[in-house]
Amino acid sequence: MFKLSEKYSSSKLQTAVEEFAALPSLDLPRLAVRVSRAAESAIRGGHPWVYSNSVSSVKGEEHTGQLAIIFDKKNRFLAVGLYDSESPLRIRVLHVGKSMMIDRDFFDRRIEECIDRRKGFFDGTTTGHRWIHGESDNFPGLVVDRYSTTLVIKIYTAAWLPYLSTVVDLLRTKLSPESAVLRLSRNIMEACAEHGLADGQQLFGPTIDGPLIFQEDFLVNPL
């Protein structure tokens with residue numbers, strides 16, 4: 001059972017229904033970033049984070065939510081990630097390898113990969129599980145859980161804000177939940193409040209006014 005706190009079930013629950021508050025634009029200018037040799041190696045090895053002390057140079061005016069294009073020491077495209085100007089975890093890597101457009105289609109493919117990865121793991125009685133598991137599913141800093149017919153979407157960096165409405169719309173289309181709730185890491189609540197977003201805000205669907213009951217199944221090897 002997932003139980004909404006009194007904060008969420010009160011009459012003061014904020015409901016966005018069909019639209020979001022004014023979020024940062026998807027058209028923020030991109031940053032050209034270079035990192036240390038150690039960070040280059042870590043990125044090529046699949047590490048999803050770049051810390052601020054590994055960033056050697058940034059070209060462009062820095063804002064949280066921008067796409068950071070990371071170039072290697074030979075000025076070749078290395079990776080692209082979400083830039084967080086307020087965090088020591090400065091870049092959360094979305095893609096490594098060949099240059100790729102980060103747009104709605106990109107996130108569409110990524111969510112499909114998450115869905116495909118879980119095929120065969122749940123039977124018809126399972127109504128609670130994790131759809132997107134952050135870095136493990138190539139969505140660094142974003143987690144999506146299913147509680148019955150409700151999705152709970154948690155973000156750990158404000159760098160997701162420009163892409164949040166796109167991700168929520170895709171999840172709504174692909175998973176057909178009745179409702180969704182936004183959860184925010186404590187360290188980004190103030191930044192999100194500037195855009196009208198609050199921890200526990202309901203994004204769409206009928207108002208949730210009580211506990212949600214769900215069922216999980218586990219596969220274990222006792223030997």
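Just so you know, these numbers come straight off a predicted model, no measurement behind them.

### What to know about the overall build of the protein
Counting secondary structure elements, the protein contains 5 helices and 11 strands. Long-range pairs, those at least 24 residues apart, make up 61% of the contacts in the protein with a sequence separation of at least 6. Of the roughly 12000 Å² of accessible surface on the protein, 50% is carried by carbon and sulfur atoms.

### Observations concerning the pattern of salt bridges
Applying the stated criterion to the full structure yields 13 salt bridges. Put simply, Arg-44 and Asp-72 hold a salt bridge, and the shortest N to O gap is 3.1 Å. With Arg-44 in helix 2 (residues 37–44) and Asp-72 in the loop between strand 4 (67–71) and strand 5 (77–83), this residue pair connects regions lying 28 residues apart in the sequence. Under the relative-accessibility criterion, Asp-72 is labelled buried at 2%. Residues joined in a network through salt bridges with shared partners are Glu-40, Arg-44, Asp-72 and Arg-76.

### Observations concerning the confidence of the model for the protein
In the predicted model, the protein carries a mean pLDDT of 88, and 88% of its residues have values of at least 70. pLDDT under 50 marks residues 1–18. Its contacts with residues more than four places away, or in other chains, come to 41 contacts.

### Concerning the sheet that holds strand 10 (residues 179–184)
Strand order in the open sheet formed by 5 strands is 7-8-9-10-11, with mixed pairing between adjacent strands. Only two strands of the sheet have a single neighbouring strand rather than two, namely strand 7 (128–133) and strand 11 (201–204). In this sheet, neighbouring strand axes are inclined to one another by 25° on average, regardless of whether the strands run parallel or antiparallel. Pairing analysis gives 6 bridges linking strand 8 (residues 142–147) to strand 9 (residues 150–155), with the strands arranged antiparallel. Opposite Tyr-147, over in strand 9, you have Thr-150 as the bridge partner. Across the sheet, helix 4 (residues 161–175) is in contact with strand 7, strand 8, strand 9, strand 10 and strand 11; its angle to strand 9 comes to roughly 155°.

### Some points on helix 3 (residues 104–117)
It helps to recall that an α-helix has 3.6 residues per turn; residues three or four apart then point in one direction. For helix 3, with 14 residues, the first-to-last C-alpha span of 20 Å sits near the 20 Å given by 1.5 Å per residue. All of the buried residues along helix 3 are Phe-106, Phe-107, Arg-110, Ile-111, Cys-114 and Ile-115. Where helix 3 begins, one side-chain oxygen reaches toward the backbone nitrogen of Asp-105, 3.2 Å away; that side chain belongs to Asp-103.

### Structural notes on the sheet that holds strand 2 (residues 49–51)
Taken in spatial order, the 6 strands of this open sheet run 2-6-5-4-1-3, and their pairing is mixed. The open sheet has two edge strands, strand 2 and strand 3 (55–59), and neither has a second partner. Along the sheet, successive strands turn relative to each other by an average axial angle of 35°, direction set aside. Both strand 2 and strand 6 (residues 89–96) contribute to a ladder of 3 bridges, which runs antiparallel. From the neighbouring strand, Val-50 faces strand 6, where its bridge partner is Ile-91.

### A short note on the environment of Asp-72
The spacing of Asp-72 and Ser-41 is 31 residues in sequence and 9.7 Å in space, taken between C-alpha atoms. Once you skip the residues sitting within four places of it in the chain, Asp-72 turns out to touch Arg-34, Glu-40, Arg-44 and Leu-78. Within the structure, Asp-72 has its side chain in polar contact with the backbone nitrogen of Lys-74 (distance 2.9 Å).

### Some words on the packing of aromatic side chains
Within a pair of aromatic rings, the relevant descriptors are the distance that separates the centres and the angle that separates the planes. The full count for this structure, using the stated rule, is 8 aromatic pairs. The interplanar angle of 80° and the centroid separation of 5.3 Å between the aromatic rings of Phe-106 and Phe-107 together place this pair among those described as edge-to-face. Residue Phe-106 is classed as buried on the basis of its relative accessible area of 2%. Seen in terms of ring centroids, Trp-160 and Tyr-163 are 6.4 Å apart; in terms of plane orientation they differ by 90°. Their pairing is edge-to-face. Exposure class is identical for Trp-160 and Tyr-163. Each is buried.

What counts and what doesn't
As a convention, each chain's residues are numbered from 1 in the sequence order in which they are written. Only residues with pLDDT of at least 70 are given local features in this predicted model, and only at 80 or more are side-chain atom pairs given and counted; all residues enter the totals for whole chains, interfaces and linings. Each side-chain value is worked out from all heavy atoms of the structure, with water and hydrogens disregarded. Segments assigned H or I by DSSP are reported as helices when at least four residues long, segments assigned E as strands when at least two residues long, and all are numbered from the N terminus. Here, two residues are considered to be in contact whenever any of their heavy atoms come within 4.5 Å of each other. The Shrake-Rupley method, run with a 1.4 Å probe sphere, supplies the accessible areas, and residue values consider only the shown protein chains as cover. For this analysis, a salt bridge means a side-chain nitrogen from Lys or Arg found within 4 Å of a carboxyl oxygen belonging to Asp or Glu. Exposed residues in this analysis have more than 50% of their type's maximum accessible area, buried residues have under 20%, and partly exposed residues fall in between, with area computed by a 1.4 Å probe over protein chains only. A residue's pLDDT is the confidence the predictor assigns to it, expressed on a 0 to 100 scale. In this analysis, strands are considered paired if DSSP registers two or more bridges between them. Each axis is a line fitted through C-alpha atoms, taken for helices only over the stretch in contact, and angles between the N-to-C directions span 0 to 180 degrees. The length a helix should cover is 1.5 Å for every residue beyond the first. N or O atoms within 3.5 Å of each other form a polar contact, as long as, within protein, one can give a hydrogen and the other can take it, and as long as residues adjacent in sequence are counted only when both atoms are side-chain atoms. In this analysis, rings of Phe, Tyr and Trp, with Trp reduced to its six-membered ring, are considered paired at centre separations within 6.5 Å, and the interplanar angle assigns stacked below 30 degrees, edge-to-face beyond 60, and tilted for intermediate values.

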